[in-house]
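Residues per chain are reported as follows:
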Amino acid sequence: MLRAGELKIAAKLPADGCAPEEAQAYTRWLATHHYENFNVASWLLPKELHQHFYNLYAYCRWADDLGDEIPVRERALELLDWWERELNACYEGRPSHAVFVALRETIVAKDVPKQPFADLLKAFRQDQVVKRYPTWDAVLDYCVYSANPVGRLVLYLCGYRDEERQRLSDATCTALQLANFWQDVSRDLEMGRIYIPLNRAEAHGLSEQDIAGRKFDARYVSLMKELIEYTRALFEKGMPLAKKVEGKLSVDLEMFSRGGVAVLDSIEAMGYDTLHRRPEVSKVKQVGLLGRALITHLLGGSDRSRKGGFAREGSDYAAAESTEAEIGASYSHCHQIARRAHSNFYPAFFLLPKAKRDGIVALYAFMRLIDDVSDEGADLAAKQRGLARWRAALDEALTGQSQAFDGNAARSLQGGDLYGQREVLPALVDTMERFRMPARYLHDLISGAEMDLTIQEYPSFERLKEYCYRVAGTVGLTCTHIFGFSDSRALDLAEKLGLAFQLTNIIRDVREDYSIGRIYLPEEDLARYGVAKEDLGRREATLGVRELLRFEADRARKLYEEGAQLLGLIEEDSRGTLWLLVHTYSALLARIESADFAVFGERVRLSKPEKIMLMAKARFGRHTEENILAKCDRDRRRAGGAVGGRRAG
């Protein structure tokens, strides 16, 4: 059926009806010589499974190449039909093609059903006739046939046939397929295919023609952020599978998941432009992923009980064991830290149900202590060591074992002054588990504190946004996990609100920050309005400074208006808290605007009665996106201030 030279991988193919040993030698050669991101049968898999994986891979590789390497659609469909006839013959006990001679040994030994193999062929046929996908449902339906059967076949080879593991495998395989779609946009365009759901592209202002024409701009970035966030959630959903299988297979499964997440990280790191180039996961990165997977396996393993740590159902953390009493005491300590700080945030916490209130207080306490390390004292090296110890302590709390790196010596964290870690981290880890919060957000926050130690100025707004994401966007993201959401847009909106809050703080504290050697306003904006750095240290704002601050305030106002949509995307019992936070900070910005940016004297703030009034409205009023935006607009029109009708100062 296959013509000579029509498919490269057929070059070393044995004759039809060859001996099983010869057929298996071919599938082994094919699996170990064809390029793939990860070895088909890694050294981690039990040795007795290697040949079965080679046989499975050979079937999938052939089916894929029959669909993608044959240039004429009609011929590709003809060959896929031929491949299915060979599959049927194999299940009837009369395999002919060498791949099926080898595969027959696996099918019999592992009692593998035919359906997953047939489903894959359905996907390859679909690739010949379907080039566009209008909705998420259409894309996910394709993944049911193109990706999920592979995971189920692997489970069959390893002796797992239950519905729960198959469900978790489906989530992981779909996530891997989606990650491949987002990294291969440029490659798929060359083949005339677009796997991006067109209705999601339209929601970001992009047409099918824009994608086909490779128009990269902020709209595409916004779209890719949504697609990646959705895919990350699927990876998280499938993560528990690694704890539900025995032995080294759990490491392989986690390695594949971490590899898929690394692809998403690479897309983010390259600025999301997959229209023109394909991100790559370096060999060094792959080794690092393997190391993390091995550590997780050694410290976490399967669902069985282990001394020195635990892994809760539905979580990928293997945290150090803490008793209920220790966790309760840790939450109490976190509340004490929050009360002492007198933050605008703390009153809003009481509008949440107790479980969410405790969680957000644990987050706040952690962030407060990180801030204290970076802001107190003058010894730069001591601050850097303090933040490094916090980072190591966080990893230790999550994994049950970690080390801090000090100079050239790695040493245990068991001793010495731990800056409050022992008191706060049990509650924080409990919160992260209950609300499925990615640890990378908290590591990013520590990175933001580290930036404050060595970076005093920012050349551009894009560079400032990176800092704001780390110190404030992460706050919005973590809080949104506690608030509860199902729409992936919520995280993008939360990040915008975090940026708006931080810009408000920067505008309010511009002179105070200058006095300690920090200038957060971008240098490009200072130049635009003819503002010298020294102008930020004057007793009064110059005309140029006022215009500069008005420009930054307009940026913040736009972010508030866009981010206010988050209110409708979070769980109802959290909306009062978000409403109060947005009102408090947008009212503070409005107070600054009404005072014509006179922020060089007494610090602009809301009075205690004003805060109480806002809290009462948050507690008893209606919480809608419209009344947040309307309130902000009224604030800007009123000459007498944001809330109480008086000018600042």
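Basis of the calculations
- Residues numbered from 1 in each chain as written.
- Predicted model: local features only at pLDDT ≥ 70, side-chain atom pairs only at ≥ 80, totals over all residues.
- Heavy atoms only, no water.
- Helix = DSSP H or I, 4+ residues; strand = E, 2+ residues; numbered from the N terminus.
- Buried < 20%, exposed > 50% of the residue type's maximum accessible area, 1.4 Å probe, protein only.
- Contact = heavy atoms within 4.5 Å.
- Areas by Shrake-Rupley, 256 points an atom, 1.4 Å probe, with all protein chains shown as cover.
- Core = buried A, V, L, I, M, F, W, Y, C linked by side-chain atoms within 4.5 Å.
- Phe/Tyr/Trp six-rings, centres within 6.5 Å; stacked < 30°, edge-to-face > 60°.
- Salt bridge = Lys/Arg side-chain N within 4 Å of Asp/Glu carboxyl O.
- Axes fitted to C-alpha atoms, helices over the stretch in contact; angles between N-to-C directions.
- Parallel < 35°, antiparallel > 145°, perpendicular 65-115°, else oblique.
- Left-handed = near helix turned anticlockwise from the far one by under 90°.
- Nonpolar A, V, L, I, M, F, W, Y, C, P; charged D, E, K, R; others polar.
- pLDDT = per-residue confidence, 0-100.

(A) The overall build of the protein chain, seen in detail. Looking only at helices and strands, the protein chain has 28 helices and 2 strands in total. When each of the 649 residues of the protein chain is scored for burial, the buried share is 54%. The long-range fraction of contacts in the protein chain, counting pairs at least 24 apart against all pairs at least 6 apart in sequence, stands at 73%. As presented, the protein chain carries roughly 28800 Å² of accessible surface, and 51% of it is formed by carbon and sulfur atoms.

(B) The arrangement of the nonpolar core in detail. Membership of the largest hydrophobic core comes to 100 residues, with the highest contact counts inside it found for Phe366, Leu464 and Tyr560. Here the element with the most residues in this core is helix α17 (residues 354-375); it accounts for 11 residues. If near-sequence neighbours (up to four positions away) are discounted, phenylalanine 366 is found in contact with Trp390, Leu394, Val424, Leu425, Leu428, Leu442, Leu445 and Ile446. The next biggest cluster of nonpolar side chains, apart from the first, holds 38 residues, and it includes Ala31, Trp82, Leu103 and Phe124.

(C) Spotlight on the packing of aromatic side chains. A full pass over the atoms with the stated rule returns 25 aromatic pairs. A centroid spacing of 6.1 Å and a plane angle of 80 degrees characterise the contact between tryptophan 136 and tryptophan 182, whose relative ring orientation is edge-to-face. On the criterion of sequence distance, the pair formed by tryptophan 136 in helix α6 (residues 136-146) and tryptophan 182 in helix α8 (residues 163-183) is long-range, its members being 46 residues apart. Taken individually, tryptophan 136 and tryptophan 182 each receive the classification buried, so the pair is uniform in this respect. Taken together, a centroid distance of 6.0 Å and an interplanar angle of 20 degrees make the contact between tyrosine 458 and tyrosine 520 stacked. Within this pair, whereas tyrosine 458 is found in the loop between α20 (439-454) and α21 (461-483), its partner tyrosine 520 is found in the loop between α23 (510-515) and α24 (523-528), the two being separated by 62 residues in sequence. Tyrosine 520 sits in the buried class, given a relative accessible area of 7%. Here the aromatic cluster, defined as three or more aromatic residues joined through ring pairs, consists of Tyr59, Trp62, Trp82, Trp83, Tyr91, Phe100 and Phe117.

(D) Main features of the pattern of salt bridges. In the structure shown here, the tally under the stated rule is 46 salt bridges. A salt bridge links arginine 125 to glutamate 84; the shortest N-O distance between them is 2.5 Å. Taken together, the positions of arginine 125 in helix α5 (residues 115-129) and glutamate 84 in helix α3 (residues 73-91) put the pair 41 residues apart, joining distant regions of the chain. Here the salt bridges share partners, and the residues they tie into one network are Asp210, Lys215, Asp217 and Arg219.

(E) Expanded view of the packing of helix α25 (residues 543-563) against helix α26 (residues 575-594). Two numbers describe how α25 lies on α26: the axes approach to 11 Å, and their chain directions differ by 155 degrees. Considering the angle they form, α25 stands roughly antiparallel to α26. Crossing handedness for the pair α25 and α26: left-handed. Facing Ala553, Ala556, Arg557 and Tyr560 of α25, the residues of α26 in contact are Val582, Tyr585, Ser586, Leu589, Ala590 and Glu593. Taken together, the residues of the contact of α25 with α26 break down into 7 nonpolar, 1 polar and 2 charged.

(F) Fine view of the side chain of threonine 480. Looking at where threonine 480 falls in the secondary structure, it is placed in helix α21. Overall, threonine 480 belongs to the buried group, its relative accessible area being 1%. In this view, threonine 480 contacts Phe485, Ala490, Leu491, Ala494, Leu566 and Ile570; residues no more than four positions away in its chain are not counted.

(G) Quick peek at the confidence of the model for the protein chain. In the predicted model, the protein chain carries a mean pLDDT of 83, and 83% of its residues have values of at least 70. The low-confidence segment residues 283-320, where pLDDT is below 50, has 89 contacts with residues more than four positions distant or belonging to other chains.

(H) The arrangement of unusual backbone geometry in detail. The phi angle at aspartate 111 is positive, at roughly 50 degrees, despite the residue not being glycine. For aspartate 111, the location among the structural elements is in the loop between α4 (98-110) and α5. Given the relative accessible area of 52%, aspartate 111 is considered exposed. Phi is positive for arginine 436, close to 50 degrees, though the residue is something other than glycine. Within the secondary structure layout, arginine 436 lies in the loop between α19 (421-434) and α20. Among the residues examined, arginine 436 registers a relative accessible area of 34% and is labelled partly exposed.

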